[in-house]
Amino acid sequence: MESAQSGTSNGALGGQLGGSALRDRTFHGSDPHTVAEAAICKVSSTKCQARTRLYRDGRLVEEGFPVARISDHLIDGKTTIWLDLRDPDHEDLLVLQDEFGLHPVAIEDAIVDRERPKVDRYDTHLFMTVYGAHLDTTSGELATSELSAFILPQALITIRKDDGLDIGKVVERWDSSPDLARQGVGFLLYGLLDFIVDGHFEAVQSLDDAVEELEDNLFDDKPKNVSVHRRSFELRKSLVLLRRVVLPMREVVNTLMRRDVRVVDSELMPYYQDVYDHVLRATEWTESLRDLVTTILETNLTIQGNRMNIITKKVTSWAAIIAVPTFITGFYGMNVPYPGFSARVGFITSIVIMIGAGAFLYWVFRRRDWL
């Protein structure tokens, strides 16, 4: 079997990455059944929903044509094809393997869930795995959506295993930059990566806002130890997952920018460099937030310890004050004669000593900030 070179190390990612279940709504709230509706194929040789687009000489000339006609269009060297498959099975991908000559290992990786973000190089094409991300600001849970892509000289084939990533927004991004469409597959790939990395940025920004809110609750007058702890662990878990998604993207984009890969030409290079810069910033931001959440957890434990010390100090001080009248009443309660025994003066003396000693101790403890 032909060996493949990977732009990043292989291996499935731990944690809840991707998923095989379809969603009722995308991360942006759109209906996944109808996004990019014009590109949906009415007739397809695949059992799953497919979307197609045809560019010729940098202009969009056709959408929603049957998958079986793709090979006919590719005869023209001036055409660029986009094919999107929504939750395909193994038989659907075998159709692509026969149609485009895709490597069996790449087909297997496209089927397996939770692959690590990477770029694999084969003789006739590249295989890429990336993840979209979205943070639920209420629960603090990070949701991810896995997308695989086969990158050929004249075609970009995207494989979506769930409906989290809004492919309609990617199409809108392509349509907003028609002047770059003549760059072919490099243009399509740039729009896709730019949208995904922007989603990473939005997730990091949401996490940053959540961490700031957590900092405010940390020093609230009313202690919220349990809620702060729970929220801290939720955000830390999401940051760890986001780091697994964002960190490998540096190598993914860097691999695509290499000249020997021949995906990015000189005109597109500044756009890919901008995406790479955003990836670096998102990575650094994620690392700093993870350290900050760790610091918040440690600070919260320290604050709890300080509050416990204050409570212990106050309880001990009051116990010392109460001990004085307890001692005096116990002394005067002895059944033996002593000065003032069974006399009015003895009672008055004991009361004065208890009040005086208690007041003196209270003054001393207040002066030392023990009460």
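So, the overall build of the protein
Part 1 of the argument: For the protein, the helix and strand inventory stands at nine helices and eight strands.
Part 2 of the argument: Here the contacts in the protein between residues at least 6 apart in sequence split such that 67% fall between residues at least 24 apart.

Regarding the pattern of salt bridges
Side-chain pairs of opposite charge can arise where the charged atoms are in close proximity.
Part 1 of the argument: Applying the stated criterion across every chain, the model contains 24 salt bridges.
Part 2 of the argument: With a shortest N-O distance of 4.0 Å, R51 and D84 are connected by a salt bridge. On the criterion of sequence distance, the pair formed by R51 in strand 2 (residues 49-56) and D84 in strand 4 (residues 79-86) is long-range, its members being 33 residues apart.
Part 3 of the argument: We classify R51 as buried; its relative accessible area is 0%.
Part 4 of the argument: Between E146 and K161 there is a salt bridge, with the nearest N and O atoms lying 3.1 Å from each other.

Some remarks on the packing of helix 4 (residues 167-175) against helix 5 (residues 185-218)
Part 1 of the argument: Their axes nearest at 9 Å, the elements helix 4 and helix 5 cross at an angle of 125 degrees. Taken together, helix 4 and helix 5 sit at an angle that is classed as oblique. As for the relative orientation of helix 4 and helix 5, their crossing is right-handed in sense. Together, K169, V170, R173 and W174 of helix 4 and F187, L188, G191, L192, D194, F195 and D198 of helix 5 make up the contact between the two elements.
Part 2 of the argument: Of the residues contributing to the contact of helix 4 with helix 5, the split by class is six nonpolar, one polar and four charged.

Concerning the side chain of S238
Part 1 of the argument: With respect to the secondary-structure elements, S238 resides in helix 6 (residues 225-246).
Part 2 of the argument: Look at S238 and you get buried, because its relative accessible area is 4%.
Part 3 of the argument: At 3.3 Å, the side chain of S238 and the backbone nitrogen of L142 are in polar contact.
Part 4 of the argument: If sequence neighbours within four positions are ignored, S238 has contacts with L135, G140, E141, L142 and L207.

Notes on the pairing of strand 2
Part 1 of the argument: Burial analysis of strand 2 places six of its eight residues in the buried class, which makes it a mostly covered element.
Part 2 of the argument: For strand 2 and strand 4, the ladder comprises eight bridges, and the chain directions are antiparallel. Along strand 4, the bridge assignment pairs T52 with L83.
Part 3 of the argument: Where strand 2 and strand 3 (residues 59-63) come together, four bridges link them in antiparallel fashion. Within strand 3, the residue paired with Y55 across the bridge is L60.
Part 4 of the argument: Here strand 2 folds back onto strand 3, and the loop between the two strands holds two residues, one of which, D57, carries a positive phi near 55 degrees.

Re the packing of aromatic side chains
Part 1 of the argument: Counted according to the given criterion, the structure contains seven aromatic pairs.
Part 2 of the argument: Consider the rings of Y55 and F187, whose centres lie 6.1 Å apart with planes at 80 degrees: the pair is edge-to-face. One end of the pair, Y55, is in strand 2; the other, F187, is in helix 5, and 132 residues separate them in sequence.
Part 3 of the argument: In this structure Y55 comes out as buried when scored by relative accessible area, which is 5%.
Part 4 of the argument: Note on Y190 and Y272: the rings are 6.0 Å apart at their centroids and 50 degrees apart in plane angle, and the pair reads as tilted.

Some remarks on a nonpolar patch on the surface
Part 1 of the argument: A contiguous nonpolar patch, built from M308, I311 and V315 and spanning about 300 Å² of accessible area, is present on the exposed surface.
Part 2 of the argument: Along the chain, M308 falls in helix 8 (residues 269-332).

So, helix 9 (residues 344-367)
Part 1 of the argument: With 24 residues, helix 9 should cover 34 Å at 1.5 Å per step; its first-to-last C-alpha distance of 35 Å lies within 8% of that length.
Part 2 of the argument: Those residues of helix 9 not exposed but buried are G346, S350, M354, G358, L361, V364 and F365.
Part 3 of the argument: Of the residues flanking the end of helix 9, it is D369, one or two places downstream, whose phi is positive at about 60 degrees.

Focus: the packing of helix 2 (residues 90-100) against helix 3 (residues 104-111)
Part 1 of the argument: At a minimum axis distance of 10 Å, the contact between helix 2 and helix 3 shows a crossing angle of 150 degrees. In terms of axis orientation, helix 2 runs roughly antiparallel to helix 3. In this structure, helix 2 meets helix 3 at a crossing whose hand is right-handed. In this structure, helix 2 uses H90, L93 and Q97 to contact helix 3, whose residues at the interface are P104, I107, A110 and I111.
Part 2 of the argument: Residues that form the contact of helix 2 with helix 3 fall into these classes: five nonpolar, two polar and no charged.

Observations concerning the pairing of strand 8 (residues 155-160)
Part 1 of the argument: Among the six residues of strand 8, six are classified as buried, and the element is accordingly described as predominantly covered.
Part 2 of the argument: Residues A155, I157 and I159 line one face of strand 8 and the alternating positions L156, T158 and R160 line the opposite face, and both faces are buried.
Part 3 of the argument: Both strand 4 and strand 8 contribute to a ladder of six bridges, which runs parallel. Across the sheet, the residue bridging to L85 is I159, located in strand 8.
Part 4 of the argument: Two successive antiparallel strands, strand 7 (residues 142-151) and strand 8, enclose a turn made up of three residues.

What counts as what
Per chain, residue numbering runs from 1 following the sequence as it is written. Thresholds applied to this predicted model are a pLDDT of at least 70 for local features of residues and 80 or more for the giving and counting of side-chain atom pairs; totals over whole chains, interfaces and linings are not thresholded and use all residues. In computing side-chain properties, one takes all heavy atoms of the structure into account and sets aside hydrogens as well as water. Elements are defined by DSSP. Helices are runs of H or I of four residues or more, strands are runs of E of two residues or more, and each kind is numbered from the N terminus. Contact definition: two residues touch when any of their heavy atoms are within 4.5 Å. Salt bridges are defined by distance alone: a side-chain nitrogen of Lys or Arg within 4 Å of a carboxyl oxygen of Asp or Glu. The classification of residues rests on relative accessible area computed with a 1.4 Å probe and restricted to protein chains. Under 20% of the type maximum is buried, over 50% is exposed, and intermediate values are partly exposed. The angle between two axes is taken between their N-to-C directions and runs from 0 to 180 degrees, where each axis is a line fitted to C-alpha atoms and a helix contributes only its stretch in contact. Oblique is the label for any angle not covered by the other classes, which are roughly parallel (under 35 degrees), roughly antiparallel (over 145) and roughly perpendicular (65 to 115). With the far helix as reference, a near helix turned anticlockwise by less than a right angle produces a left-handed crossing, and one turned clockwise produces a right-handed crossing. Under the scheme applied, nonpolar residues are Ala, Val, Leu, Ile, Met, Phe, Trp, Tyr, Cys and Pro; charged residues are Asp, Glu, Lys and Arg; polar residues are all the others, including Gly. Under the rule applied, a polar contact is a pair of N or O atoms within 3.5 Å (in protein, one hydrogen donor and one hydrogen acceptor; residues adjacent in sequence only if both atoms are side-chain atoms). A pair of strands is considered paired only if DSSP assigns at least 2 bridges between the two. Pairing of aromatic rings covers Phe, Tyr and Trp, the last through its six-membered ring, and needs centres within 6.5 Å; plane angles under 30 degrees mean stacked, over 60 mean edge-to-face, and all others mean tilted. Residues enter patches when their relative accessible area tops 30% and they take part in no salt bridge; the joining distance is 9 Å for like charges and 5 Å for the nonpolar side chains Val, Leu, Ile, Met, Phe, Trp and Tyr. For every accessible area listed, the method is Shrake-Rupley and the probe measures 1.4 Å; residues are considered covered only by the protein chains on display. Here the expected length of a helix is defined as 1.5 Å per residue gap, with one fewer gap than residues.

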